[in-house]
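Listed here are the chains, written in short residue letters.
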Amino acid sequence: MDRSFRRISTWCRKRRNGRSTSDHRPRWKARRGDAGSEVDAGAGRRIATGGLGRQYLWWTPIASFALVLSALLALPNQTVTSKYVNDLYVFLDGAHRIWSGQVPNVDFHTSLGALTFYIPAAGYGLSGSMGGAMPVGMAIVILLFAAVAAEILGSRMHKALGLPLAAFLLLLVAAPANPGERIGDLTFAMFYNRLGWASLGLLLVMYLPRLFSAGSKAVDAACASFLVLLMIYTKITYGVVELAFLVFLATDRRQIGWTALALGIIASSVLAIELLWRGGLNYLADLRLAGENSGGLATLDALGHVLLNNLADLTVYALVAGIFLVLAPSYRNLFFIVFCGVTGVLLIEQNFQRAGILTLGPSAAVITQSLLKAKLSRLHRKARLVLPLLLAYLLVPAAISNSAAVAIHARYAIAGQGEPMPLPEFSRIRLVETWSAGQYDYFVQYNRTLAEASDVLSQLGARQATVAVLDFVNPFSAGLALPPPVGDSVWYHWGRTLGPEYHPPAEEMFADVDLILDPKWPIEIWTANGMRDIFAHYIARHYNEVRETTNWRIYRRKA
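Please read all numbers here as calculations on a predicted model, not as lab measurements.

Let us now look at the overall build of the protein. Each helix and strand in the protein was counted, giving 23 helices and seven strands. For the protein, long-range pairs separated by at least 24 residues make up 76% of all intrachain contacts whose partners lie at least 6 apart in sequence.

Shown next as structure tokens:
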């Protein structure tokens, strides 16, 4: 009787819940759903909708911030600088050459990637002035970088961590300042290093698995290949490090799909670019020449200086890494930590940069995100609460410095403050005095020598002449809108791009040069003295001195 009563109760309960007694399928099958069932379709829609909604929430703040930074740089259509004016002229000379029809590593030598010159060339084309070349070119890069950052960070990180990291990386790209230097030292010099740090930092985030999987493989592959190709054709050392990290990610079974696709995209893109460019072998030759002059691996003494200059940041990162390995011990995590630290030290050692190993902050953000999602004991959950404070130490100072650089540049540019450069095409580039009085006086004197050379060239009727300078850079082709010579280089640096034993042949460098300017007051004395020595015999055989001034000796090619 009890058994019959239980059967009747069960039947009534099923009727009230709307289930027929004929539904004898096991519950686990009903919950899981068959292929193509309504349950699966609904779950798929929820995943896709959730992913799209999450991405929209990320795109809005990141895109808005990127637009603000781009506007602050681009809208004044002015370049403001207080340091490294000669480096700025390198990029402007390259942009001028491109708009004159030349192709990097085909018509002129450079150990820097072609994008180093196509970025300011794009800015010059859009702004119509050399003063807008770097700010507008970098504004374009900021917008592209923001799109990739929104996708990578939005699919892998919590907003409380990802949005501050996005702001840090975007400010790094936007700031007209060399990392590790004083606030107010404005310059677009070596912008490729800032772009390299930001690109590598964003790629490190891809160590984290995706939080949702809708459309992940193709999108991840596209983002990763963009970052790697960007640096291969801007500054190759960062590109090589990024390729190595991508190969490491390919050893993870969870990420093998998109990493293999990314490596395939990179390989096919390099081949396609070479078919159009035809400068890849020359690029490698220029890189080899630079390597022969600048030396091989870093010395222990040089690495020791890097470690001392960055001791505080490395100590904080060691604490973060130690917590990570105690709470989530694995060989992959150990390799990730070692990779970020070692490559950061090696990269900064070959940069013109004293402080600021900018892989440490993004790496610490990845570690923090990993531990916040990990299932830990109650005691360990309390231990990980210190990570956000350590992460803030690595991110906030650099973010503040870069924010100040963007704001100060915008203020000077909008107000039109500073001394305009003396060459006509550079009139929208202004030299300002901030806190580096010595630097300001140095470049004021340099500008006076350029003004004198400009007057002499005008007197010599050199409006269509090709000009070379025995110095770090030739500012006259771009600054006076002269036709650039073919076969020379945009950048000479003694001990880096040329030396007494390894240098381009004079017959190639001066084959298309009408006038050679030999400075008595060079911007880089070691380079000027070295070039004067190694090319003296060629100049004596093929050129006559036609004018000597306070600051220059000028030679014209013999008839």
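Let us now look at the sheet that holds strand E3 (residues 429-431). Sheet architecture is open: three strands sit in the order E1-E3-E2, paired in mixed fashion. Among the strands making up the open sheet, the edge pair consists of strand E1 (79-81) and strand E2 (419-420). Bridge analysis of E2 against E3 gives two bridges, and the strand direction is antiparallel. From the neighbouring strand, proline 420 faces E3, where its bridge partner is arginine 430.

The next subject is the confidence of the model for the protein. When pLDDT is averaged across the protein, the result is 87; 87% of the residues are at 70 or more. For the protein, per-element mean pLDDT is lowest for helix H2 (residues 27-32), which scores 35, and highest for helix H5 (residues 115-127), which scores 97. In this model residues 1-9 is a low-confidence stretch, pLDDT under 50, and it forms zero contacts with partners more than four residues away in sequence or in other chains. Low pLDDT, under 50, characterises residues 11-50; the stretch is placed with 13 contacts to residues that sit more than four places away or in other chains.

Once that is clear, we can look at the sheet that holds strand E6 (residues 543-548). Read from one edge of the open sheet, four strands run E4-E5-E7-E6, paired in mixed fashion. Every interior strand has two partners, whereas the edge strands, strand E4 (467-469) and E6, have only one. Between one strand and the next, the sheet's axes are offset by a mean angle of 25°, whatever the strand orientation. Pairing between E6 and strand E7 (residues 552-557): five bridges, direction antiparallel. Counterpart to arginine 547 in the pairing with E7 is isoleucine 554.

Turning to unusual backbone geometry, a few remarks are in order. A positive phi angle is found at asparagine 105, which is not glycine, with a value near 65°. With respect to the helices, strands and loops of the structure, asparagine 105 is situated in the loop between helix H4 (85-99) and H5. Given a relative accessible area of 3%, asparagine 105 falls into the buried group. The backbone of alanine 481 sits at a positive phi, close to 55°, despite the residue not being glycine. Positionally, alanine 481 belongs in the loop between helix H20 (476-479) and helix H21 (506-509).

A word on a nonpolar patch on the surface. Together, Tyr331, Leu334, Val338, Val342 and Leu346 line one region of the surface with nonpolar side chains, adding up to about 510 Å² of accessible area. Along the chain, tyrosine 331 turns up in helix H15 (residues 331-350). Residue tyrosine 331 is classed as exposed on the basis of its relative accessible area of 75%.

Here the focus is helix H6 (residues 133-156). If you check H6, its first and last C-alpha atoms are 35 Å apart, about what 24 residues at 1.5 Å a residue would give, namely 34 Å. Where burial is concerned, most of H6 is hidden: 20 out of the 24 residues are buried.

Once that is clear, we can look at the environment of alanine 321. Structurally, alanine 321 is set in helix H14 (residues 311-327). Residues alanine 321 and asparagine 333 lie twelve residues apart in sequence; the distance between their C-alpha atoms is 9.0 Å. Alanine 321 has contacts with Ile337 and Ile367, leaving out every residue within four places of it along the chain.

Moving on: the packing of helix H7 (residues 159-174) against helix H18 (residues 387-415). Helix-helix packing is characterised by the crossing angle of the two axes and by the distance between the axes. Running from N to C, H7 and H18 cross one another at 40°; their axes reach a closest spacing of 9 Å. It follows from the interaxial angle that H7 and H18 lie oblique. The element H7 and its partner H18 pack so that their crossing is left-handed. Facing Leu161, Leu165, Phe168, Leu171, Leu172 and Ala174 of H7, the residues of H18 in contact are Leu391, Leu394, Leu395, Ala398, Ala399, Asn402, Ser403 and Val406. Looking at the contact of H7 with H18 residue by residue, the class counts come to twelve nonpolar, two polar and no charged.

Here we come to the pattern of salt bridges. Applying the stated criterion across every chain yields a total of twelve salt bridges. Across the salt bridge formed by arginine 156 and aspartate 220, the nearest N and O atoms sit 2.8 Å from each other. Taken as a pair, arginine 156 in helix H6 and aspartate 220 in helix H9 (residues 216-232) lie far apart in primary sequence, 64 residues in all. Across the pair, exposure class does not vary: arginine 156 and aspartate 220 are buried alike. For arginine 532, the salt bridge is made with aspartate 518, and the minimal N-O distance between the two is 2.9 Å.

Rules and cut-offs
- Residues numbered from 1 in each chain as written.
- Predicted model: local features only at pLDDT ≥ 70, side-chain atom pairs only at ≥ 80, totals over all residues.
- Heavy atoms only, no water.
- Helix = DSSP H or I, 4+ residues; strand = E, 2+ residues; numbered from the N terminus.
- Contact = heavy atoms within 4.5 Å.
- Pairing = 2+ DSSP bridges.
- pLDDT = per-residue confidence, 0-100.
- Axes fitted to C-alpha atoms, helices over the stretch in contact; angles between N-to-C directions.
- Buried < 20%, exposed > 50% of the residue type's maximum accessible area, 1.4 Å probe, protein only.
- Patch = residues over 30% accessible without salt bridge, like charges linked within 9 Å, V, L, I, M, F, W, Y side chains within 5 Å.
- Areas by Shrake-Rupley, 256 points an atom, 1.4 Å probe, with all protein chains shown as cover.
- Salt bridge = Lys/Arg side-chain N within 4 Å of Asp/Glu carboxyl O.
- Expected span 1.5 Å × (residues − 1).
- Parallel < 35°, antiparallel > 145°, perpendicular 65-115°, else oblique.
- Left-handed = near helix turned anticlockwise from the far one by under 90°.
- Nonpolar A, V, L, I, M, F, W, Y, C, P; charged D, E, K, R; others polar.

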